[in-house]
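Coordinate inspection notes
What follows is each chain in one-letter form.
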Amino acid sequence: MKVLIVGSGGREHAIAVSVAKSPKVDKIYCAPGNAGIASVAECVDIKAMELEKLADFAKENNIDLTIVGMDDPLVAGIVDVFEERGLRVFGPRKNAAIIEGSKVFSKNLMKKYNIPTAAYETFDNPEAAAEYLEKCSYPIVLKADGLALGKGVLICNDHDEAAKGIKTIMQDKQFGSAGDRIVIEEFLTGREVSVLCYCDGKTIKPMTSAQDHKRAKDNDEGLNTGGMGTFSPSPFYDDEAREFCEKYVFQPTIDAMAEEGREFKGILFVGLILTESGPKVLEYNARFGDPEAQVVLPRMKTDIIDVVEACIDGRLDETELEFEDNAAVCVILASDGYPEKYEKGKVISGLEKFDGKDDYYVFHSGTAEKDGNIVTNGGRVLGVTAKGGTLKEARKKAYEATEWIGFENKYMRNDIGKAINEVE
Ligand code: AMP
Ligand code: GLY
């Protein structure tokens, strides 16, 4: 069969590598893809938001299945566009992708269906929001309602910071119309865990857990980024937390969506925080995480095509989901300066050292081909993943492999997965 993947990051590279393992697949396309994805898929020069053009391409090339990696096209309704044209596609429709596209929607859903989350209020008027700040205890969290490249969440330590935050989001419109409404919520403390789940509208099957590292610098300092590294599984997500989430979070969420007439098919990514009073939902995403996919998918034993097709056809309950009994760590190699200003176009060396090594992967995020070289072309450049029998071993191998790669201004965090030392 012919598969099209929509997106251009490390996540889409991990999806492509997983899809390539399936004996059912003869040909993979990726739109727009990147220089690394080009080694497993034919990259197509159509942007992820050119929905009609993507559907034209899928029709003209008899694509059997399209897997959407990115949030923007899902929230914009790519699944509806494909379905209207009779094309098979994996992801939630627009009316379900709103679970990621609007934080006001997702918070109200959780409240209505008693799904554990931080206490909150929503506002569409900056004066009312500012007035509310007078009665808050600090810190508090401000969230722009819409998509903001992971940057629309501000943790405010005092009233002045929060007042500035409201101005930035609602009046200066730093995130555009994503800031027309905001959520103001209680600040929670605990370890974060990402659980990505396959859904067919009725059945939800969680994958193995992962933990991201969102801040740019060691010890969780610096600005928020798209994610600087991950490990899987999370040893902090123990049986008790898992059973709690299966009972009170995962199934209730897709049941709630079905009840609202918003059947959820695709990947539901549940961002959780393990607080002293139990797990709570920080956010939902309607797609694989980046860089969560880079540690979860290499550990998945089940053929991804079988699971995806079962989701589309509504028979996920019949599908066994199996993961290797091991661990994986992904360290992101970024351009120094990310997530602010950074340079591009630096030649990358050492990529060939990963060839033929089963436990090691180098997933491309921001790379391009130029004059026969692979060069840096983004803030997050590569994700180096290694698998090992334990998290400690995977971590050691991943950091060793980061040394195989060279480029000017290479930057990484040195403490990805360090927290596992507390438990292993
Ligand atoms: P979100 O995009 O909603 O996941 O938020 C991005 C990051 O902000 C999360 O991964 C957390 O680190 C942090 N965050 C979000 N909401 C809260 C909260 N209520 N309490 C503490 N930290 C939060
Ligand atoms: N790593 C977080 C995300 O994909 O949103």
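See above for the structure.
Now for a description of the structure that goes with this document. (Residues numbered from 1 in each chain as written. Chains lettered and ligands numbered in written order. Predicted model: local features only at pLDDT ≥ 70, side-chain atom pairs only at ≥ 80, totals over all residues. Heavy atoms only, no water.)

1. Concerning the overall build of the chain
Each helix and strand in the chain was counted, giving 12 helices and 23 strands. Counting only C-alpha atoms, the chain reaches 60 × 45 × 40 Å along its principal axes. Long-range pairs, those at least 24 residues apart, make up 68% of the contacts in the chain between residues at least 6 apart in sequence. Summed over all atoms, the accessible surface of the chain reaches about 17700 Å², with 44% contributed by carbon and sulfur. Taken as two groups, the 53 positive and 73 negative side-chain charges of the chain have centres that lie 1 Å from each other. (Helix = DSSP H or I, 4+ residues; strand = E, 2+ residues; numbered from the N terminus. Contact = heavy atoms within 4.5 Å. Areas by Shrake-Rupley, 256 points an atom, 1.4 Å probe, with all protein chains shown as cover. Lys, Arg positive; Asp, Glu negative; His and termini not counted. Charge placed at Lys NZ, Arg CZ, Asp CG, Glu CD.)

2. Some remarks on the site of ligand 1
Surrounding ligand 1, one finds 13 residues, the nearest of these being Glu 185, Glu 186, Leu 188, Glu 192 and Glu 283. A distance of 3.0 Å separates a nitrogen atom of ligand 1 from a polar side-chain atom of Lys 143. Interatomic distance of 2.8 Å between a backbone N/O atom of Leu 188 and a nitrogen atom of ligand 1. The fraction of the free accessible surface of ligand 1 (470 Å²) that becomes covered by protein chains is 92%. When contributions to the shell around ligand 1 are tallied by element, the ones reaching two or more residues are strand 7 (140–144), strand 8 (153–156), strand 9 (182–186) and strand 17 (278–285). (Near = heavy atom within 4 Å. Polar contact = N/O pair within 3.5 Å; in protein donor to acceptor, adjacent residues only side chain to side chain.)

3. Comments concerning the packing of aromatic side chains
Within the structure shown, the criterion is met by 9 aromatic pairs. Seen in terms of ring centroids, Tyr 198 and Phe 288 are 6.3 Å apart; in terms of plane orientation they differ by 85 degrees. Their pairing is edge-to-face. Pair noted here: Tyr 198 is in strand 10 (residues 191–200) and Phe 288 is in the loop between strand 17 and helix 10 (293–296), with a separation of 90 residues, a long-range link. With relative accessibility at 0%, the residue Tyr 198 sits in the buried group. Through pairs of rings, three or more aromatic residues link up here, namely Phe 90, Tyr 198 and Phe 288. A cation over an aromatic ring shows up here: Lys 27 above the ring of Tyr 29, its NZ or CZ 5.0 Å from the ring centre. Its end group placed over the ring of Phe 236, Arg 191 keeps NZ or CZ at 3.9 Å from the ring centre. (Phe/Tyr/Trp six-rings, centres within 6.5 Å; stacked < 30°, edge-to-face > 60°. Buried < 20%, exposed > 50% of the residue type's maximum accessible area, 1.4 Å probe, protein only. Lys NZ or Arg CZ within 6 Å of the ring centre and 35° of its normal.)

4. Considering the environment of Gly 91
Tracing the backbone shows Gly 91 in the loop between strand 5 (89–90) and helix 5 (94–101). As for Gly 91 and Ile 78, which are separated by 13 residues in sequence, their C-alpha atoms are 8.7 Å apart. Those residues in contact with Gly 91 that sit more than four places away from it in its chain are Leu 74, Val 79, Lys 265 and Gly 266.

5. Here's the deal with the side chain of Ser 106
Mapped onto the elements of the fold, Ser 106 is located in helix 6 (residues 103–112). Setting aside its immediate chain neighbours within four residues, Ser 106 contacts Ile 99 and Tyr 284.

6. Side note on the site of ligand 2
Around ligand 2 sit Asp 212, Gly 226, Phe 269, Asn 285, Arg 287, Gly 289, Asp 290, Pro 291 and Glu 292, and that is every residue in its neighbourhood. Between ligand 2 and Gly 226 there is a distance of 3.5 Å, counted from a nitrogen atom to a backbone nitrogen or oxygen. Within the side chain of Arg 287, an N or O atom sits 2.9 Å from an oxygen atom of ligand 2. Contact with the protein chains covers 90% of the free accessible surface of ligand 2, which is 200 Å². Here the shell around ligand 2 is composed, by residue class, of 2 nonpolar, 3 polar and 4 charged. (Nonpolar A, V, L, I, M, F, W, Y, C, P; charged D, E, K, R; others polar.)

Function-wise, these values are silent; they only describe arrangement.
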